[in-house]
Amino acid sequence: MIPAYSDHAANERTFLAWVRTGIAIMSFGIVVEKFDLFIQTLAISQANDAMRRAQLERISGHLGPHESIALVAGGVALIAIQTLRFACNSRLLDDAAPQASRAVLTSSVVSSLLILLLAAVATYQAFD
């Protein structure tokens, strides 16, 4: 029998949830890129209608390779960070001595950074 099996199982479930989230973020980045290519193809095919082509090029300008690369890189970074966290938590679970929790501080910092990032993106989109 594995000592503290339920704790190890919870750690593994949490890790797999983060991996699933990272894969979803990377997939969304790929979808953004494919949608941008689709809009660009539509704009090229509308060569005879200048107004329609300008509208499609304007839509395509908001999406692009930078956003999709950032999403894919963010997903990879998320999986890498959570892999390290999973290994650290597994090691701490096996240690018999009580450990101080740093998760609350880490979660607060990451949440604050995400809120600032979303505010910056919303501001950029509002004035674009």
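All figures in this text were calculated on a predicted structure; none of them were measured in a lab.

1. Some thoughts on the overall build of the protein chain
Moving on, step 1. Along the backbone of the protein chain there are four helices and zero strands.
Moving on, step 2. The helix and strand sequence of the protein chain, counted from the amino end, reads α-α-α-α.
Moving on, step 3. The buried share of the protein chain, reckoned over its 128 residues, is 16%.
Moving on, step 4. Across the protein chain, the fraction of contacts at a sequence separation of at least 24, relative to all contacts at a separation of at least 6, is 74%.

2. Focus on the confidence of the model for the protein chain
Moving on, step 1. Averaged over all residues, the pLDDT of the protein chain is 82; the fraction at 70 or higher stands at 86%.
Moving on, step 2. Within the protein chain, helix α2 (residues 50-62) has the poorest average pLDDT of any element, 66, and helix α3 (residues 65-94) the best, 89.

3. Let's talk about the packing of aromatic side chains
Moving on, step 1. A full pass over the atoms with the stated rule returns one aromatic pair.
Moving on, step 2. Arranged with centres 4.7 Å apart and planes meeting at 25°, the rings of phenylalanine 15 and phenylalanine 86 form a pair that is stacked. In this pair, phenylalanine 15 sits in helix α1 (residues 5-45) while phenylalanine 86 sits in helix α3, placing the two residues 71 residues apart along the sequence.
Moving on, step 3. Owing to a relative accessible area of 23%, phenylalanine 86 belongs among the partly exposed residues under this scheme.

4. Regarding a nonpolar patch on the surface
Moving on, step 1. Among the surface-exposed residues, Leu105, Val109, Leu113 and Leu116 lie close enough to one another that they form a single nonpolar patch of about 420 Å² accessible area.
Moving on, step 2. With respect to the helices and strands, leucine 113 occurs in helix α4 (residues 103-126).

Cut-offs applied
Residues numbered from 1 in each chain as written. Predicted model: local features only at pLDDT ≥ 70, side-chain atom pairs only at ≥ 80, totals over all residues. Heavy atoms only, no water. Helix = DSSP H or I, 4+ residues; strand = E, 2+ residues; numbered from the N terminus. Buried < 20%, exposed > 50% of the residue type's maximum accessible area, 1.4 Å probe, protein only. Contact = heavy atoms within 4.5 Å. pLDDT = per-residue confidence, 0-100. Phe/Tyr/Trp six-rings, centres within 6.5 Å; stacked < 30°, edge-to-face > 60°. Patch = residues over 30% accessible without salt bridge, like charges linked within 9 Å, V, L, I, M, F, W, Y side chains within 5 Å. Areas by Shrake-Rupley, 256 points an atom, 1.4 Å probe, with all protein chains shown as cover. Salt bridge = Lys/Arg side-chain N within 4 Å of Asp/Glu carboxyl O.

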